[in-house]
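# Structural characterization, general
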Amino acid sequence: MHSPAVARRAPEITSRLPGAIDRFAGRLTNRLIRATPWQVMQVQTRTPIVSFTFDDVPDSALRVGAAILEARGVRGTFYISGGLAGRVEPDRTLIDAAGCRELAARGHEIGCHTFGHQDIRHVDRPAFVADLARNARYLDAIDPRPGRRNFAYPYNSGCLGKLQILAHSYRTCRAGGEAINRGPTDPSFLKAVEIRQPETHVAGLTRWIDAVVEKPGWLIFFTHDIAPTPDALWQHAGRL
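Note that the coordinates shown come from a computational prediction; the quantities given were computed from them, not determined experimentally.

### Brief notes about the confidence of the model for the chain
Segments scoring low in pLDDT should not have their predicted coordinates read at a detailed level. Counting all residues, the mean pLDDT for the chain is 89, and 88% of those residues have values of 70 or more. In this model residues 1–14 is a low-confidence stretch, pLDDT under 50, and it forms 32 contacts with partners more than four residues away in sequence or in other chains. Low confidence marks residues 232–240, where pLDDT is under 50. Its contacts with residues over four positions away, or in another chain, come to 29 contacts.

### Some points on the side chain of Lys162
With respect to the helices and strands, Lys162 occurs in the loop between β7 (151–152) and α5 (163–169). Reaching out from Lys162, the side chain makes a polar contact with the backbone oxygen of Ile120 at a distance of 2.9 Å.

### Thoughts on the nonpolar core
Core analysis: the largest hydrophobic core is formed by 34 residues, its most contacted members being Phe78, Ile80, Leu132, Phe151, Tyr153 and Leu166. For this core, the secondary structure elements donating two or more residues are α2 (59–71), β3 (77–80), α3 (97–105), β6 (109–112), α4 (125–142), α5 and β8 (173–177). In terms of residue count, α4 provides more of this core than any other element does, five residues in total. Look past the residues within four positions of Phe78 in its chain and what remains in contact with it is Phe54, Val57, Ala61, Ala66, Leu103, His108, Glu109, Ile110 and Gly111.

### Digging into α2
Between its first and last C-alpha, α2 extends 18 Å over 13 residues, near the 18 Å set by a 1.5 Å rise per residue. Taken as a whole, α2 carries its principal kink of about 25 degrees at Gly65. Along α2, the residues classified as buried are Ser60, Ala61, Leu62, Gly65, Ala66 and Leu69. Of the surrounding elements, those touching the buried residues of α2 are β2 (49–56), β3 and α3.

So, how was this worked out
- Numbers given to residues run from 1 along each chain, matching the order in which its sequence is written.
- Given that the model is predicted, a residue must reach a pLDDT of at least 70 before its local features are reported, and side-chain atom pairs must reach 80 or more before they are shown or counted; all residues, however, enter totals for whole chains, interfaces and linings.
- Computation of side-chain values: all heavy atoms of the structure, hydrogens and water removed.
- The predictor attaches a confidence to each residue, called pLDDT, with possible values from 0 through 100.
- Residue contacts are counted whenever heavy atoms from the two residues lie within 4.5 Å of one another.
- For helices the rule is a DSSP run of H or I covering at least 4 residues; for strands it is a run of E covering at least 2, with both sets numbered from the N terminus onward.
- As used in this structure description, the phrase polar contact means that two N or O atoms lie within 3.5 Å; if the pair is within protein, one of them must be able to donate a hydrogen and the other to accept it, and residues adjacent in sequence are counted only when both atoms belong to side chains.
- To qualify as a nonpolar core, a set must consist of buried Ala, Val, Leu, Ile, Met, Phe, Trp, Tyr and Cys residues joined through side-chain atoms within 4.5 Å.
- Exposed residues in this analysis have more than 50% of their type's maximum accessible area, buried residues have under 20%, and partly exposed residues fall in between, with area computed by a 1.4 Å probe over protein chains only.
- The span you would expect from a helix comes to 1.5 Å times its residue count less one.
- We define the bend at each residue as the angle formed by axes fitted to the 7 residues ending at it and the 7 residues starting at it.

What follows is the structure, encoded as structure tokens:
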């Protein structure tokens, strides 16, 4: 990675606006982050690169998703929120520490998804730093590793005032954006494409494969559970 650009200062946002306004503010923030990259690295464009990533992580991502990748000789990145570990919800159950250890033992990468899984725009800086440290302790107890981990934004929602923290703490930070990373790229706000329902969306995902073959870059897919009827709550987490 190249050296960070000159730091930008932005006011902290620690309370939610009314729903529709807050979503608009989130989209605007993400666009501003992309327009003013914090760092720049060069994504080589000679050979297509495809990554498969999982957020939260539902147990079906361990039982089914990891097995699909392993059957093809590849591994994925699983972004873990320690505060969600083992949680049982109406439509899904999230893996616990034992599930994380199994993923690591099978050669998959364990990444950070914050501990509390909150939109980072709504967490003040001291609380955010403490949250990242808490998740680091959780992940290090499961999968101790040298160097920095990779990170995924909860709800794919960035925050200008916290980019420096993230850029210095993690190798890369993955957001959404429905695009392929090519050429000059900000590693603290990587673009990714969501795998989600409905079937019409899923059927169209092959166009991304065609696109990265035709014009190489780094295509990152992300999803949550792997099931015939994936949970509705998380199907649109990539909206930002």
